[in-house]
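Each chain, letter by letter, is given below.
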Amino acid sequence: RIALNRAELAARESERAVALARSRLAEAIGLPLAALAEVALSYRGLDDMSAPFDPVEARRWAAQNRADLLGALATYAASQSALQGEIARQYPDLSFGPGYQLDQGEGKWSLGLGVTLPVFHQNQGPIAVAQARREVAAARFVALQNRVLAEVDRASSNYTSALGDLAAVKAIRASLEQQAKTIRAQQAAGETSRLELTRAQIELADNARAELDARLRVEQALGAIEDAVQRPLAWPESAWRDSPRNAVN
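Residues numbered from 1 in each chain as written. Predicted model: local features only at pLDDT ≥ 70, side-chain atom pairs only at ≥ 80, totals over all residues. Heavy atoms only, no water.

**Topic: the overall build of the chain**
What counts here: Helix and strand assignments follow DSSP, with helices taken as H or I runs no shorter than four residues and strands as E runs no shorter than two, numbered in order from the N terminus. For the exposure calls, accessible area comes from a 1.4 Å probe over protein chains only, and a residue counts as buried if that area is under 20% of its type's maximum, exposed if over 50%, partly exposed in between. Between two residues, a contact is recorded if the distance between any of their heavy atoms is within 4.5 Å. Computed with a 1.4 Å probe, the accessible areas rest on the Shrake-Rupley method; for each residue, only the protein chains presented here act as cover.
Each helix and strand counted, the chain has seven helices and two strands in total. Listing the helices and strands of the chain from first to last along the sequence gives α-α-α-β-β-α-α-α-α. Counting across all 249 residues of the chain, residues that qualify as buried make up 25%. Taking all contacts inside the chain whose residues are at least 6 apart in sequence as the whole, residues at least 24 apart take part in 69%. On the chain, roughly 16,600 Å² of surface is accessible, and the fraction owed to carbon and sulfur atoms is 54%.

Quick look at the structure:
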């Protein structure tokens, strides 16, 4: 009876959690809660927990989609252009290489910090100031990029770990299902009591709750990856190539 009371209490807590989750969902999509009252939510795809990404690809996504990283890169590019402009005023025939490029293997931006000036260059003031500003912008960008890529790597590692936990819980479920099946057959044959079967069913139900918790952690870890790369992983690649107008057409 105590176990039953605890189960009923847990069920009520779960109902409150569902109501709260629907309220947050309605808030997120900009609808009143009543609009979701009759909506049946689909959980299709939650059984497929295979890794939907490659860690190197995730780093590249972050480098190309993170707004803060692209903003810092634009600041560096502006400082690079300012330095080139100051140098061009004194050495119009001097050519410059690219200021930055994306390293596909490492999934990060590499900055071109070198500037080769003629031997008679006396480090005039405007050039020195522009070069100092570029070095500051470069240092800030590199620090931010390292922090972003560390966040991506941490989220990827956490997702892999969560997948392992889910696999372990699912393996336990298979064992408990076989145990419950055996006890059910024994109880039907009169070899064991109904109580033993109920205990086996309770263990199976507890494992189902643990599996739901593990799935939740996997989804949360996947959400952390999406936040780190600032790109919904569930969207098809065409969603990033086509504009909304073209997608409608």
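**Overview of the pattern of salt bridges**
Threshold: Should a side-chain nitrogen of Lys or Arg be within 4 Å of a carboxyl oxygen of Asp or Glu, the pair is scored as a salt bridge.
For the coordinates displayed, the defined rule picks out eight salt bridges. Put simply, Asp-68 and Arg-66 hold a salt bridge, and the shortest N to O gap is 2.8 Å. Assessed through its relative accessible area of 31%, Asp-68 is described here as partly exposed. Here Arg-173 makes a salt bridge to Glu-177, at a shortest N to O gap of 3.9 Å. Of the two residues, Arg-173 and Glu-177 are both situated in helix 4 (residues 125-188); the distance of four residues between them amounts to about one turn of the helix. Residues joined in a network through salt bridges with shared partners are Arg-173, Glu-177, Glu-211 and Arg-215.

**Structural notes on the side chain of Asn-207**
Here Asn-207 shows up in helix 5 (residues 194-229). Residue class for Asn-207 comes out buried when judged on its relative accessible area of 7%. Among residues more than four places away in sequence, those in contact with Asn-207 are Val-169, Ile-172, Arg-173 and Leu-176.

**Here we look at the environment of Arg-133**
By the element assignment, Arg-133 lies in helix 4. For Arg-133, a relative accessible area of 61% corresponds to the exposed category. Through-space distance from the C-alpha of Arg-133 to that of Gln-80 is 8.7 Å; in sequence the pair is 53 residues apart.

**Examining the nonpolar core**
Soluble globular proteins tend to bury their nonpolar side chains together. In plain terms, the rule: Among buried residues, those of type Ala, Val, Leu, Ile, Met, Phe, Trp, Tyr and Cys that are joined through side-chain atoms within 4.5 Å constitute a nonpolar core.
Phe-141, Tyr-159 and Val-229 are the most contacted members of the largest nonpolar core, which totals 31 residues. Where this core is concerned, the elements lending two or more residues are helix 2 (55-65), helix 3 (67-90), strand 2 (108-111), helix 4 and helix 5. For this core, the element with the highest residue contribution is helix 4, accounting for 12 residues.

**Regarding helix 5**
Residue pairs three or four apart in sequence face the same way in an α-helix, which turns once every 3.6 residues. Our working rule: For a helix, the expected span equals 1.5 Å multiplied by the residue count minus one.
For helix 5, spanning 36 residues, the distance from its first C-alpha to its last is 53 Å, which sits close to the expected 52 Å at 1.5 Å a residue. Buried within helix 5 we find Leu-197, Ala-200, Asn-207, Glu-211, Ala-214, Arg-215, Val-218, Ala-221, Leu-222, Ile-225, Ala-228 and Val-229. Buried residues along helix 5 sit against helix 2 and helix 4. Just downstream of helix 5, Gln-230 is the residue with a positive phi angle, here 55 degrees.

**Concerning the packing of helix 4 against helix 5**
The condition that has to hold: The convention used is that axes are lines fitted to C-alpha atoms, helices contributing only their stretch in contact, and that angles between N-to-C directions extend from 0 to 180 degrees. Put simply, angles under 35 degrees are roughly parallel, angles over 145 are roughly antiparallel, angles from 65 to 115 are roughly perpendicular, and the rest are oblique. Here a crossing is taken to be left-handed if its near helix is turned anticlockwise relative to the far helix by less than a right angle, and right-handed if that turn runs clockwise.
Axis separation between helix 4 and helix 5 bottoms out at 8 Å; the angle between their running directions is 165 degrees. Taken together, the axis directions place helix 4 and helix 5 in an arrangement best described as roughly antiparallel. Like other packed secondary-structure pairs, helix 4 and helix 5 cross with a definite hand, here left-handed.

**Overview of unusual backbone geometry**
A positive phi angle, close to 55 degrees, is found at Gln-230, a residue other than glycine. With respect to the helices, strands and loops of the structure, Gln-230 is situated in the loop between helix 5 and helix 6 (238-241). A relative accessible area of 35% places Gln-230 in the partly exposed class.

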